[in-house]
Structures are given as structure tokens and as C-alpha cells.
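Take a look at the letters that make up each chain.
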Amino acid sequence: MSKVVVFDHPLIQHKLSIMRDKNTGTKEFRELLSEIAMLMVFEVTRDLETKEIDVETPITTCKCRVLSGKKLGIVPILRAGLGMVDGVINLVPAARVGHIGLYRDPKTLEPVEYYCKLPEDSENRELLILDPMLATGGSASAAISFIKQRGCHHMRLVNLIAAPEGIARIQKDHPDVDIYVAALDDHLNDHGYIVPGLGDAGDRLFGTK
Ligand code: URA
């Protein structure tokens, strides 16, 4: 069963409250999303493997720890996931970046992949799938399935806000994928928006309507 980690850090909660406010403009929204993504990744990567190496400081030689496990990759789900990329890259500059885009087929209502480009060695990387809003979980679940079809089986899902419906969907479809969120909200409304949520993350991020 997927682990669900909800970050209750005061800085994250403070920044998220400003993002939720409908009067917060695009510039501030974008900056805050990036900052929260960076703070979240600090915790998402807490259990990465390290190994001991010898380092010569100006004073002496000492044993120090460096990352030793799988390299990281990040995969934003287009388009709102793009708003989380800079924050993650700030903290993990060596991470490779893939992209995946989906649309819903108007007839079958099934998610269809329209774009997917992953780093060449993605199968050997720990991939962080980024999407600010986990609503029904339909897109995130499909994105994870499409990425698994390409041989990648080490993934973590990182969302800003999740609805219980989305969490349940990922836990059912992908029990091997842990979920990291800044907030777990109440429910989805009839239009598929998270309540209380923050509205349409993509529109608020890019200033579209
Ligand atoms: N996508 C969004 O951007 N907002 C929601 O509330 C749900 C899905």
C-alpha cells in the first residue's frame, strides 16, 4: 500500500495558505509553488541512500557521506507540474527532467498520452512525478502507468494538494508508489475541483483563464 506523507511544516503551510487566497496573483503564486516544491523535496529525499567517502578538508582527512543510490529524475505532468520543476532543480541540480502530457478523450473519457519524453536512463532512476493537484487521480494514475510501460518502476508522486479520492485511486492502481502532499483537502466538488483547494493550478500559474 502506498505510503502517504502529509507535510505539516509551518513554512509550507504558511506559503500554501497564501497560494489558496484567490487574491494572490500569478507572480506570487508561481514563486510560492516553486518554494514549496523545494521544501517538499528536502523531505521527499530524506531516505535516499548514502555512502561514506574520504574527504580532505584544509585541516585533515575525514569520512563524509555522499549520495550513492539511484540517481534522481523528475517528471512534471503537463502543464501545472511545470511550476514545481525549478524548486526541485534548485535542490537537486543533477536531476534529469522528463515531461509527460495527457488529455482526456472526449468520447471514451480515458486519459490519452500526447507527449512523453523521459531521460534515457530513466529505468535506473528514482523518478519524482510532479503535479500540484491530485484530484480524481485519473491523470496521475495514467501518467504513472505510461511511465511504467517504459520500464520505470521506481517512482514517488509529489503533489501540493490532494483530495481523498485521488489518494484512494493511486493507492488502488499503484500501491508501490508513495505519495507526498503539502495538504490533504476535504473532497472534490461536482466540477472535479478540490475543496477548499486553490482553484485551477495551471490557470493561476500561467495567468490563463
Ligand atoms: N486541477 C486543478 O488545477 N485544481 C483542482 O482543484 C482540481 C484539479
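Remember, predicted model here, so these are calculated numbers, not experimental data. Counting starts from 1 at the beginning of each chain's written sequence and moves along it residue by residue. In keeping with the model being predicted, local features are shown solely for residues with a pLDDT of at least 70 and side-chain atom pairs are shown and tallied solely at 80 or more, while totals for entire chains, interfaces and linings include all residues. Values reported for side chains reflect all heavy atoms of the structure, with hydrogen atoms and water molecules removed beforehand.

**Focus on the site of the ligand**
Our working rule: Proximity criterion: a residue is near a molecule or strand once any of its heavy atoms comes within 4 Å of it. Throughout this description, a polar contact denotes any pair of N or O atoms lying within 3.5 Å of each other; where both atoms belong to protein, one of them has to be capable of donating a hydrogen while the other can accept it, and for residues adjacent in sequence the pair is counted only when both atoms sit in side chains. Per-residue accessibility takes into account occlusion by the displayed protein chains alone, with areas from the Shrake-Rupley method and a 1.4 Å probe. In this classification, Asp, Glu, Lys and Arg are treated as charged, Ala, Val, Leu, Ile, Met, Phe, Trp, Tyr, Cys and Pro as nonpolar, and every other residue, Gly included, as polar.
If you check the shell around the ligand, you find M133, A135, G192, Y193, I194, G199, D200 and A201 and nothing else. In the environment of the ligand, an oxygen atom lies 2.8 Å from a nitrogen or oxygen atom belonging to the backbone of I194. Protein burial of the ligand: of its 240 Å² of free accessible surface, 81% is covered by the chains. For the shell around the ligand, the residue count by class is five nonpolar, two polar and one charged.

**Thoughts on the layout of surface pockets**
To keep it simple, the criterion reads: Put plainly, a pocket is an open set of points on a 1 Å grid over the protein atoms alone with protein on both sides within 12 Å along at least five of seven lines, a cavity is a set where a 1.4 Å probe fits but cannot get out, and a lining residue has an atom within 4 Å of a point. Grid points are joined across faces, edges and corners, and a volume is the space filled by probe spheres set on the points. Secondary structure counts use DSSP, requiring at least four H or I residues in a row for a helix and at least two E residues in a row for a strand, with both numbered from the N terminus.
By volume, the largest pocket is sized at about 750 Å³. In terms of lining, the largest pocket is formed by 27 residues, of which the most central are D131, M133, A135, S139 and D200. The set of elements that each furnish at least two residues to the lining of the largest pocket consists of β6 (99–104), β7 (111–117), β9 (133–134), α4 (138–149) and α6 (201–206). Of the residues belonging to the lining of the largest pocket, the class tally is 15 nonpolar, eight polar and four charged.

**Some remarks on the pairing of strand β8 (residues 126–130)**
Note the following rule: Partly exposed describes any residue whose relative accessible area lies between the buried limit of under 20% and the exposed limit of over 50%, with all areas from a 1.4 Å probe on protein chains only and scaled to the type maximum. Two strands qualify as a pair provided DSSP detects at least 2 bridges between them.
In terms of residue burial, β8 counts as a mostly covered element, since five of its five residues are buried. Neither face of β8 is open: one carries E126, L128 and L130, the other L127 and I129, and all of them are buried. Note that strand β4 (residues 72–76) and β8 share five bridges and pair parallel. Counted as the bridge partner of L72 is E126 from β8.

**Overview of the environment of K117**
Definition in use: Note on definitions: a residue-residue contact is assigned when non-hydrogen atoms from the two residues lie within 4.5 Å.
Structurally, K117 can be placed in strand β7. With relative accessibility at 54%, the residue K117 sits in the exposed group. Setting aside chain neighbours within four positions, we find K117 in contact with G98 and H99.

**Digging into the pattern of salt bridges**
Defined as follows: We define a salt bridge as a contact between a side-chain nitrogen of Lys or Arg and a carboxyl oxygen of Asp or Glu at a distance within 4 Å.
Following the criterion strictly, the structure yields 14 salt bridges and no others. A salt bridge links R20 to D185, with the shortest nitrogen-to-oxygen separation between them at 2.8 Å. Separated by 165 residues along the polypeptide, R20 in helix α1 (residues 10–20) and D185 in the loop between β11 (178–184) and β12 (187–188) bring together distant segments of the chain. Residue classification places R20 among the partly exposed residues on the basis of a relative accessible area of 24%. The exposure class assigned to D185 is buried, which follows from its relative accessible area of 8%. For R125, the salt bridge identified is with D121, shortest N-O distance 2.9 Å. The buried category is assigned to R125, whose relative accessible area is 4%. In this structure D121 comes out as partly exposed when scored by relative accessible area, which is 29%. Taken together, the shared-partner salt bridges connect D47, E126 and R156 into one network.

**Some remarks on the packing of α4 against helix α5 (residues 164–173)**
Stated precisely, the cut-off is as follows: Between N-to-C directions, angles cover 0 to 180 degrees, with each direction set by a line fitted to C-alpha atoms, over the stretch in contact for helices. The labels follow the angle: roughly parallel below 35 degrees, roughly antiparallel above 145, roughly perpendicular from 65 to 115, and oblique for the rest. Left-handed is the label given to a crossing in which the near helix is rotated counterclockwise from the far helix by less than a right angle, and right-handed is the label when the rotation is clockwise.
Running from N to C, α4 and α5 point in directions that differ by 25 degrees, and their axes come no closer than 9 Å. One element, α4, and the other, α5, form an angle in the roughly parallel class. When you trace α4 past α5, the crossing you get is right-handed. Side by side, α4 and α5 meet where G138, A140, S141 and I144 of the first sit next to R169, I170 and D173 of the second. In terms of residue class, the contact of α4 with α5 is made up of three nonpolar, two polar and two charged.

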